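Listed here are the chains, written in short residue letters.
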Amino acid sequence: SGSGKSTLMNILGCLDQSSHGFYQVYGKEVDHLDSNDLAELRSRYFGFIFQRYQLISGLTAAENVEIPAIYYGMSSKERQNRAVKLLSALDLKERLDYFPNQLSGGQRQRVALGRAIIRPADIYLLDEPTTGLDVSVQALVLDTLKRLQRDRAITMVIVSHDLGVIRTMADRVMVMRRGRVVEEGLVDQIFQDPQHAYTQQLVHAKL
């Protein structure tokens, strides 16, 4: 906690700017872009799941899921059909017309997942995507993400305190502490032969 993981995700998703250095998305230096260009980058390339859901309180679950598809230019009928299909697959078919304050934390997290994946994106940024979910719902969410990886061949950057989630989902792992990356490598190497003392502590604590 407090190592800078969420801040890094916000920088990657063009929501925040770095204090020094530079960051490029498909050859474009993000720090030199205005707000309209940044919004276009986000809309074109990224899908997001935020740690605190960030659902719009005045919209239903289905309407929240549809929002990125509106900016993507998807027709009303197509985005409505996709929202229903996604929420049904996430076991929320009976909650389509519920507002966020009528949903549990786990249900809101699944709505956020549906919102993230309703339209194509090159990179999905997932900040604690299984927080607050019970074991069965966590399995449903992870299965949905793994299917998405397989079917769309996309990149995901996942932040999680749950090493089980990381081991299930990741090909490569970065371990952060106090704002710095202390170790990175292939997932099997990190879990089977961690080099940094902090990584060793994390892995052994989980085991």
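Everything in this summary refers to the structure shown in the same document. Note that the structure is a prediction, hence the values are computed from the model and not measured.

A separate point is the packing of helix H3 (residues 61-72) against helix H4 (residues 76-89). Closest axis-to-axis distance for the H3/H4 pair is 9 Å, and the angle between their directions is 125°. One way to sum up the angle between H3 and H4 is to call them oblique. The handedness of the crossing between H3 and H4 comes out as right-handed. Two secondary-structure elements touch here, H3 through Ala61, Ala62, Val65, Glu66, Ala69 and Ile70 and H4 through Arg79, Gln80, Ala83, Leu86 and Leu87. Considered class by class, the residues forming the contact of H3 with H4 number eight nonpolar, one polar and two charged.

Turning our eyes to something else, we now look at the sheet that holds strand E5 (residues 155-159). The strand order across the open sheet formed by three strands is E3-E4-E5, and the pairing between neighbours is parallel. Either end of the sheet is taken by a strand with one partner, and the two such strands are strand E3 (46-49) and E5. For this sheet, the mean inter-axis angle between neighbouring strands, taken without regard to orientation, is 15°. In terms of strand pairing, E3 meets strand E4 (residues 123-127) through four bridges, oriented parallel. Opposite isoleucine 49, over in E4, you have leucine 126 as the bridge partner. Sitting on the sheet, helix H1 (residues 5-12) is in contact with E3, E4 and E5, with an inclination near 155° to E4.

Reading guide: rules and limits
Residues numbered from 1 in each chain as written. Predicted model: local features only at pLDDT ≥ 70, side-chain atom pairs only at ≥ 80, totals over all residues. Heavy atoms only, no water. Axes fitted to C-alpha atoms, helices over the stretch in contact; angles between N-to-C directions. Helix = DSSP H or I, 4+ residues; strand = E, 2+ residues; numbered from the N terminus. Parallel < 35°, antiparallel > 145°, perpendicular 65-115°, else oblique. Left-handed = near helix turned anticlockwise from the far one by under 90°. Contact = heavy atoms within 4.5 Å. Nonpolar A, V, L, I, M, F, W, Y, C, P; charged D, E, K, R; others polar. Pairing = 2+ DSSP bridges.

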